[in-house]
Amino acid sequence: MQIQAVGLSHHYRGAEASALLELSHTFEEGTLTVVSGPSGSGKSTLLYLLALMLTPSLGSIRWGDQDVQALEDTERSELRAKHVGFVFQDAVLDLSSSALDNVTEAGWLAGMTRVESETKASELLEKFGIGAKARFRPGEVSGGQAQRIALCRALVKSPSIIFADEPTGNLDSDSADVVWRALEDAATEEGATVIVATHDKQRTKRMPNQLRLVS
Amino acid sequence: MNSGHPRPGYFFVDAIHRLRSPLVPTVVAVFVAFAGTLSIFATTGVAIASQQRTIDLINSAEGRLITISDPQGDAGLSERSITAIKSISGVDWVLGVSPAHDFVNSALPGGTSVPVRNFFGDLPAPISTGHPGVLGPGQALAGPGVARKLGLADGVGAIENRTEKAVIVGSFSASSPLTSLNSGVIMRPNSDTGARLLRFWVSVEDVAQLQPVAAAVSKALVVEKPGGIQIKLSPDLARLSGDVVTGLRQDAALTITGLLFAVAVLIGALQFGRVASTAKDIGRRRALGASRSVIVAQVLINAGLTGLIGAIAGVLVGLVLSVVIAGQLPGFGFSAAVAVLMVLASLIGAIAPAIRAARLDPVRILRVP
Ligand SMILES: Nc1ncnc2c1ncn2[C@@H]1O[C@H](COP(=O)(O)OP(=O)(O)OP(=O)(O)O)[C@@H](O)[C@H]1O
Ligand SMILES: [Mg+2]
């Protein structure tokens with residue numbers, strides 16, 4: 001699904017400056033776009049806006065041919081549950097649930113059955129080398145493994161839109177390669193619209209689709 | 001293609017999981033509902049049970065009795081009154097007795113004398129006798145131990161006084177409200193001597209009918225000097241029984257309302273704390289696509305479940321308590337109503353925290369590592 005931002009500005013209540021100013025960009029279906037920029041330049045803010053978790057102060061957002069930023073919260077939640085996979089800047093896992101249950105939760109909320117959700121979750125954990133950790137809780141795995149659990153959770157519902165906010169922050173370069181490849185595959189093979197925010201200059205250079213934010 | 005709406009199974013699995021973690025608010029919430037339910041039982045349930053016994057007592061034989069007497073003995077109260085009274089609707093039984101006269105064992109002229117009363121009407125339920133069939137004229141029954149007092153070894157035999165003779169053919173035992181007869185002998189009169197009645201007792205079927213039946217009885221009396229007759233009933237009993245019930249309802253309603261309110265407030269405070277301590281989970285679910293109504297539902301399900309568990313435990317212990325303290329079980333309706341109200345109180349208390357939870361901003365929550 002194509003995502004289009006037109007004249008997007010966001011000003012947090014109480015903040016002195018705008019976190020994002022008049023940004024216009026089109027994120028194409030089946031491509032991975034890297035959003036880069038210094039800390040505080042508004043990368044996370046942009047992702048939250050596009051994922052319908054924030055409402056822009058100005059401008060509009062289109063998902064495909066739907067104008068989404070004016071929708072009611074219920075519809076925005078439903079769209080997010082249906083279409084969006086999100087890898088948050090911090091893993092944001094449920095500390096009281098196993099890796100498998102953490103991944104499954106996103107499937108449940110999207111409306112998948114328990115069996116569908118658990119089957120897909122196990123496959124993904126296996127694929128990213130943490131199948132053996134499926135029964136472990138986030139407090140019992142390494143930071144990099146937690147990050148991969150978060151990646152699996154974003155992929156479990158086979159989303160058509162994927163946001164990843166610093167998804168490789170905690171990973172060594174081999175593990176980071178696996179994650180980047182998975183995100184690129186989601187774009188090229190599944191046709192998802194993938195938007196990744198990162199500071200990683202090395203990797204940013206190699207990517208064809210880029211959006212640079214300046215503070 | 002996913003629907004974007006979680007299936008019911010999710011709510012179930014999640015609700016069970018969230019009872020265990022965090023565990024402390026669950027334990028406290030269950031305890032609050034349990035203590036609330038138990039308090040209702042300990043106060044109202046036990047009161048209802050014991051006051052039910054009071055009502056039963058009021059409605060007992062003593063409470064349903066009208067006593068018609070002729071204290072001076074000169075009013076000329078005729079036994080023909082009995083037939084008239086028997087036909088009044090609401091009358092359970094009528095028994096008339098004459099003044100007592102002393103009789104002795106015919107075989108022992110100098111022996112101990114006992115009081116003998118003529119009775120009129122059929123022997124009512126409170127008088128039980130081993131003697132089969134109806135007593136004929138001059139036949140009599142002795143109260144418990146009375147035959148031995150007269151020196152009648154077999155419990156039967158002739159008795160007499162200066163003017164009359166009678167034959168004791170068996171014994172009787174009278175229960176409330178006729179126990180005063182137990183100390184003597186009751187006999188069927190020898191002949192229609194135009195006997196004057198000293199008093200008779202009318203028992204009504206229901207305490208509520210006491211007043212109207214008493215009015216009908218006083219009209220039906222066959223008497224020479226109506227002014228000499230005294231009619232005693234327990235006019236206050238019917239009213240008292242009504243008062244007890246109304247008073248009880250008001251007291252109970254007040255106690256229950258107070259307790260439910262307290263439970264709702266405590267559960268509310270508890271759920272606010274639980275929402276604050278699980279904000280991270282709520283924000284995560286919202287970010288993953290849970291709508292506000294899903295969050296509200298999850299908080300309410302948690303409150304309802306803890307309320308239900310506490311209420312069921314409270315009812316079970318409360319029932320045992322009622323039996324131990326009041327010796328009586330409150331009805332099923334009462335127990336079920338208490339449990340339902342307790343769940344409702346928990347739900348109502350959780351409404352504000354649930355709305356608060358639904359309004360949490362997921363972005364702010366996600367930004368805090
Ligand atoms: N709730 C808020 N209220 C006020 N200002 C905020 C709030 N949240 C974020 N900001 C500010 O908005 C700006 C953009 O933040 P954002 O998190 O989008 O940056 P970022 O590019 O993702 O940075 P980083 O690379 O460090 O993650 C920052 O200056 C931040 O301080
Ligand atoms: Mg950021």
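Residues numbered from 1 in each chain as written. Chains lettered and ligands numbered in written order. Predicted model: local features only at pLDDT ≥ 70, side-chain atom pairs only at ≥ 80, totals over all residues. Heavy atoms only, no water.

### A closer look at the overall build of chain A
Phase 1: Of regular secondary structure, chain A possesses seven helices and nine strands.
Phase 2: In summary, chain A has a C-alpha radius of gyration of 17 Å against a globular reference of 17 Å for 215 residues, a match within 12%.
Phase 3: With 215 residues in all, chain A has 56% of them scored as buried.
Phase 4: Of the contacts made within chain A by residues no fewer than 6 positions apart, 70% connect residues no fewer than 24 positions apart.
Phase 5: Summed over its atoms, the accessible surface of chain A is roughly 9,100 Å², and 46% of this surface lies on carbon and sulfur atoms.
Phase 6: Within chain A, the 29 negative side-chain charges are centred at a point lying 4 Å from the centre of the 21 positive side-chain charges. (Helix = DSSP H or I, 4+ residues; strand = E, 2+ residues; numbered from the N terminus. Rg over C-alpha atoms; globule rule 2.2 N^0.38 Å. Buried < 20%, exposed > 50% of the residue type's maximum accessible area, 1.4 Å probe, protein only. Contact = heavy atoms within 4.5 Å. Areas by Shrake-Rupley, 256 points an atom, 1.4 Å probe, with all protein chains shown as cover. Lys, Arg positive; Asp, Glu negative; His and termini not counted. Charge placed at Lys NZ, Arg CZ, Asp CG, Glu CD.)

### Quick notes on the site of ligand 1
Phase 1: In the vicinity of ligand 1 there are 14 residues, among which S39(A), K43(A), S44(A), T45(A) and R367(B) approach most closely.
Phase 2: Near ligand 1, the surrounding residues belong to chains A and B.
Phase 3: Within the backbone of S41(A), an N or O atom sits 3.3 Å from an oxygen atom of ligand 1.
Phase 4: Between ligand 1 and G42(A) there is a distance of 3.0 Å, counted from an oxygen atom to a backbone nitrogen or oxygen.
Phase 5: Compared with its free state, where it exposes 630 Å², ligand 1 has 71% of that area covered by protein.
Phase 6: Looking at the shell around ligand 1, the element that brings in the most residues is helix α1 (residues 43–50) of chain A, giving three residues. (Near = heavy atom within 4 Å. Polar contact = N/O pair within 3.5 Å; in protein donor to acceptor, adjacent residues only side chain to side chain.)

### Some thoughts on the sheet that holds strand β5 (residues 66–67) of chain A
Strand pairing in a sheet takes place through backbone hydrogen bonds and is either antiparallel or parallel in direction.
Residue and element names in this part refer to chain A.
Phase 1: The sheet built from four strands is open, its strands ordered β2-β1-β4-β5 with antiparallel pairing. The outermost strands of the open sheet, each flanked by one partner alone, are β2 (20–27) and β5.
Phase 2: Alignment of strand β4 (residues 58–63) against β5, held across two bridges, turns out to be antiparallel. Bridged to W63 within β5 is Q66.
Phase 3: Where α1 meets the sheet, it contacts β1 (3–10), β2 and β4, and its direction lies at approximately 125° from that of β1. (Pairing = 2+ DSSP bridges. Axes fitted to C-alpha atoms, helices over the stretch in contact; angles between N-to-C directions.)

### Concerning the interface of chain B and chain A
Phase 1: Opposite the 29 residues of chain B that make contact, chain A presents 31 residues.
Phase 2: For the chain B and chain A pair, buried surface summed over both sides reaches about 2,900 Å², with 57% attributable to carbon and sulfur atoms.
Phase 3: Our count for the contact surface shared by chain B and chain A stands at five salt bridges.
Phase 4: Joining chain B to chain A, the criterion identifies 16 residue pairs in polar contact (both at pLDDT 80 or more).
Phase 5: When residues of the side of chain B that touches chain A are traced back to their parent elements, those giving at least two are α1 (8–20), α7 (279–287) and α10 (362–367) of chain B.
Phase 6: When residues in the side of chain B that touches chain A are grouped by element, the largest group, six residues, is from α7(B). (Buried area = accessible area lost by both parts, 1.4 Å probe. Salt bridge = Lys/Arg side-chain N within 4 Å of Asp/Glu carboxyl O.)

### Some thoughts on the coordination of the magnesium ion (ligand 2)
Residue and element names in this part refer to chain A.
Phase 1: Protein-derived ligands of the magnesium ion (ligand 2) are S44 (OG) and Q89 (OE1), with the metal-ligand distances lying across 1.9 to 2.4 Å. Of this pair, S44 sits in helix α1 while Q89 sits in the loop between β6 (84–87) and α3 (99–110), and the two are 45 residues apart along the sequence.
Phase 2: In this structure S44 comes out as buried when scored by relative accessible area, which is 10%.
Phase 3: Overall, the relative accessible area of 36% leaves Q89 in the partly exposed class. (Donors = N, O, S within 2.8 Å, 3.2 Å for Na, K, Ca; no water.)

### Quick notes on the domain arrangement of chain B
Phase 1: Each assigned domain of chain B is listed here: domain 1 (8–57 + 241–366) and domain 2 (65–234).
Phase 2: Each of domain 1 of chain B and domain 2 of chain B has a C-alpha centre, and these two points are 61 Å apart. (Domains from an automatic or database assignment.)

### A short note on the environment of K43(A)
Residues and elements named next belong to chain A.
Phase 1: Looking at the element boundaries, K43 is found in helix α1.
Phase 2: Each C-alpha atom of the pair K43 and E105 lies 26 Å from the other, and the pair is 62 residues apart in sequence.
Phase 3: Discounting chain neighbours no more than four positions away, the residues touching K43 are V35, S36, G37, P38, E166, A197, T198, H199 and L213.

### What to know about a nonpolar patch on the surface
Phase 1: A cluster of nonpolar side chains, V340(B), L341(B), L344(B), I348(B), I351(B) and I355(B), forms an exposed patch at the surface whose accessible area comes to about 500 Å².
Phase 2: For L341(B), the position within the fold is in helix α9 (residues 332–359). (Patch = residues over 30% accessible without salt bridge, like charges linked within 9 Å, V, L, I, M, F, W, Y side chains within 5 Å.)

### Thoughts on the pattern of salt bridges
When the charged atoms of two side chains lie near each other, side chains of opposite charge can form a pair.
Phase 1: Scanning the model with the defined rule gives 17 salt bridges over all chains in all.
Phase 2: The partner of R18(B) in a salt bridge is D14(B), and the shortest N-O contact between them spans 3.0 Å. Here R18(B) pairs with D14(B), and both are found in helix α1, just four residues apart, close to one helical turn. Exposure class is identical for R18(B) and D14(B). Each is buried.
Phase 3: Via salt bridges that share partners, D94(A), E105(A), D14(B), R18(B), D281(B), R284(B) and R285(B) belong to a single interconnected network.

### Re the packing of aromatic side chains
Phase 1: Counted by the stated rule, this structure contains seven aromatic pairs over all chains.
Phase 2: Here the aromatic rings of Y10(B) and F11(B) are separated by 5.7 Å at their centres, their planes lie at 70°, and the arrangement is edge-to-face.
Phase 3: Grouping aromatic residues by their ring pairs yields a cluster made of Y48(A), F86(A), F88(A) and F163(A).
Phase 4: Here the guanidinium or amino end of K133(A) rests over the ring plane of F136(A), the centre of that ring lying 4.6 Å away. (Phe/Tyr/Trp six-rings, centres within 6.5 Å; stacked < 30°, edge-to-face > 60°. Lys NZ or Arg CZ within 6 Å of the ring centre and 35° of its normal.)

### So, the side chain of T198(A)
Residues and elements named next belong to chain A.
Phase 1: Among the secondary structure elements, T198 is positioned in the loop between β8 (193–197) and α7 (201–206).
Phase 2: On the accessibility criterion, T198 (1% relative accessible area) is buried.
Phase 3: Among the polar contacts made by the side chain of T198, one reaches the main-chain amide nitrogen of D200 at a distance of 2.9 Å.
Phase 4: Not counting chain neighbours up to four residues away, the residues in contact with T198 comprise V34, V35, S36, G37, K43, E166, W180 and T204.

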